[in-house]
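A structural walkthrough
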Amino acid sequence: MNILSLRRALSWKGLGLLYMLACYGFIFLPVIVLVLFSFQDGRLPVPPFHGPTLFWYGEVLANSRLVAAMGNSFLVGVGSSLLSLVLGFLAAYGLARYRLRGRSLIRGFLVLPMAVSYLIVGMGLLVMASWAHIAPSLWLVGISHVVINMPLAFALCAAQFSETQARIEMAAGDLGASLPRILLQVTVPMMAPTLIAAFILCFTLSWDEFLSAFLLSRFEITLPVAIWGILRGGLNPQTNAIGSLVFFGVVALALIAEALLFRKKKNSA
Amino acid sequence: MTVTPLPHLCIEKIVKRYPGQMALDHVSLSVERGSYVVLLGPSGSGKTTLLSIIGGFTMPEGGAIRIGGEDVTAFPPSRRPTTTVFQDYALFPHMTVATNVGFGLKMKPMSPQERKQRVQDMLRLVGLEQQRDRAIQALSGGQRQRVALARALAVDPEILLLDEPLGALDLALRRQVQEELRRLQRQMNRTFIHVTHDQEEAMALADLVVVMSHGRIEDVGTPRRVYLRPASRFTATFMGESTQITGRVAHRAGDVLTLETAFGTIEGIAAPNPGAVGDMPSSSTVLQKDDEAVAIIRPENFTFNPENKQSLPTATVMEMIFQGNYVRILALTDAGQELVLCLPPQQAPTVGTRIVPCCSVDDVVIVPA
């Protein structure tokens, strides 16, 4: 009897383990295959595996079009994330510190773009731009990324404003500090971990974003658009190499963001 | 020619409403320069709102605040010559002790050397020189309290506002910080306005106690006067324990009233006007024959020696609580009147004993019911 229930428990545990492994496999196996075949010594990134070699990474870095696209992506990512962060932070500060009529309505409108698909954002901007006779450019891509990322930055900042922090800002004002001084010397330093984490998240999303970047750019393109262009010519270990580079970069940034947010939580607990 | 000194702080008919509640109902108060004022009252009495209005954090709906003769009602906190020590201290968590204390000085026209010196002086004043480079998180509650104090005093405010600053400290530390506050206030000769709900704290610190209830000032005076000769029944109750005997005024001869009660008459001194100064102020003329009134007797004013005293009816000791330096006795007269007495331990009767408590006419204060 005892042995039977023990065996049953074990088999349930085994099934659970199997299920967990299947989940992780489903998520990570494609990434592992992608990374593995970026080291393929051959023209096709399909089994059997030969190698390893760093040849394709060399090819990527020698490809001026790809390197330029990487630079563009970096520029758009940093610029749009900074702007998203400043706008989101100021909006969150204003809503947290001042009693406004229709506050929840304003908040609703601010986070609404989160629910709108990137396709709609990109198409809407494209229609607006052609109506205003503005040619597609990196600037438009950057603006679309601000539209996409500002709600996220706003939501992350808004969650951090507390009554305690409000009183600390009040104390700074009481001692004679002006509003810009309070913001720069008290509010921003106190929220630094959140702000850095929000910036990294925005940057990651911008770095990855394809749809609106594809719709809104013409000659200068971002990395996802360039990768898409290469993929149209068929599979090639070079695409695996770019994919791996992007993947490792994003993972590093995500880990930094996670560490900062987690540390913040531990401090406030 | 003599110039009558202007009051340092003048609160004129301040009105503040919160939804469904009158937070402050035409409150007026004058404060002399260099005095330690304690606003005392239960929660919801409006004391914290009043402090917040003096500091400029809350806007009143009516009335004016004058500091040194200047109307500051419309000024934001940064333009007022006041600083506040917040209840939770509101220290800057990302700065060291010294940068916290020096924060307000950055807005002053001073050289870095002067600023450094000032920070050093303030830290010495509160005894935190050793902790100057430590993080706020590394400090104890009492140390944080002193950083908040040093930070607020560093900018040399004319008036320091303290919002229940001792609430988060344990009893021993509270006593110690009380003494320090009193020493600092004398040393710097600044006006301090301190909010608390603790009447012992108020008596230990204040030059002037302002007793508040339901958005009004019930009584203003020295701790001694407010305790021994309260102007109202609320003040008497809030300032400490007392025996309260209700009755009707039978006779008035100058300041001495004769009160007709359920068990006979009792004589006492009529209460002063709220705000009366001096320890033995003249009595109010509010109470007249046939008015409803209450006789207030502090527990330590009872004896069992009837010489030159009036006797109360015989009572039975119901409960005896040993408190170290005195014994607290709860007794009940045959007519059902409760009495509270404090006696030295060696004089204390045992439970069940029949006693005849006595008190002198001077120790009975008669307040309006």
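Basis of the calculations
- Residues numbered from 1 in each chain as written.
- Chains lettered and ligands numbered in written order.
- Predicted model: local features only at pLDDT ≥ 70, side-chain atom pairs only at ≥ 80, totals over all residues.
- Heavy atoms only, no water.
- Pairing = 2+ DSSP bridges.
- Helix = DSSP H or I, 4+ residues; strand = E, 2+ residues; numbered from the N terminus.
- Axes fitted to C-alpha atoms, helices over the stretch in contact; angles between N-to-C directions.
- Contact = heavy atoms within 4.5 Å.
- UniProt positions renumbered as here; feature names shortened; annotations may be inferred.
- Phe/Tyr/Trp six-rings, centres within 6.5 Å; stacked < 30°, edge-to-face > 60°.
- Lys NZ or Arg CZ within 6 Å of the ring centre and 35° of its normal.

Quick notes on the sheet that holds strand 8 (residues 191-196) of chain B
Residues and elements named next belong to chain B.
- The mixed open sheet is built from six strands, whose spatial order is 6-7-8-3-9-10. Edge positions in the sheet fall to strand 6 (82-85) and strand 10 (216-221), since each has one partner strand and no second. Along the sheet, successive strands turn relative to each other by an average axial angle of 20 degrees, direction set aside.
- Contacting strand 6, strand 7 (159-163) and strand 8, helix 4 (residues 141-154) runs over the sheet at an angle of about 175 degrees to strand 6.

With respect to the UniProt feature "transmembrane region" (unreviewed entry) in chain A
- The UniProt record annotates "transmembrane region" (unreviewed entry) at residues 16-39, 74-96, 108-132, 138-161, 182-207 and 241-262 of chain A.
- Note that residues 74-96 of chain A is 100% helix and 0% strand, and that its end C-alpha atoms are spaced 32 Å apart.

So, the sheet that holds strand 17 (residues 327-333) of chain B
Residues and elements named next belong to chain B.
- Sheet architecture is open: four strands sit in the order 18-17-16-19, paired in antiparallel fashion. Strands at the two margins of the open sheet, each flanked by one partner only, are strand 18 (338-343) and strand 19 (354-355).
- Relative to strand 18, strand 17 runs antiparallel, the two sharing six bridges. Bridging across to strand 18, arginine 328 finds its partner in cysteine 342.

Some remarks on the packing of aromatic side chains
- Scanning the entire structure with this criterion turns up 17 aromatic pairs over all chains.
- Put simply, the rings of A:Phe74, A:Phe199, A:Phe203 and A:Trp207 touch in pairs and so form one group of aromatic residues.
- The positively charged end of B:Arg79 is found above the aromatic ring belonging to B:Phe75, 4.0 Å away from the centroid.
- Residue placement shows B:Arg151 over the ring face of B:Phe92; its charged tip is 4.7 Å from the ring centre.

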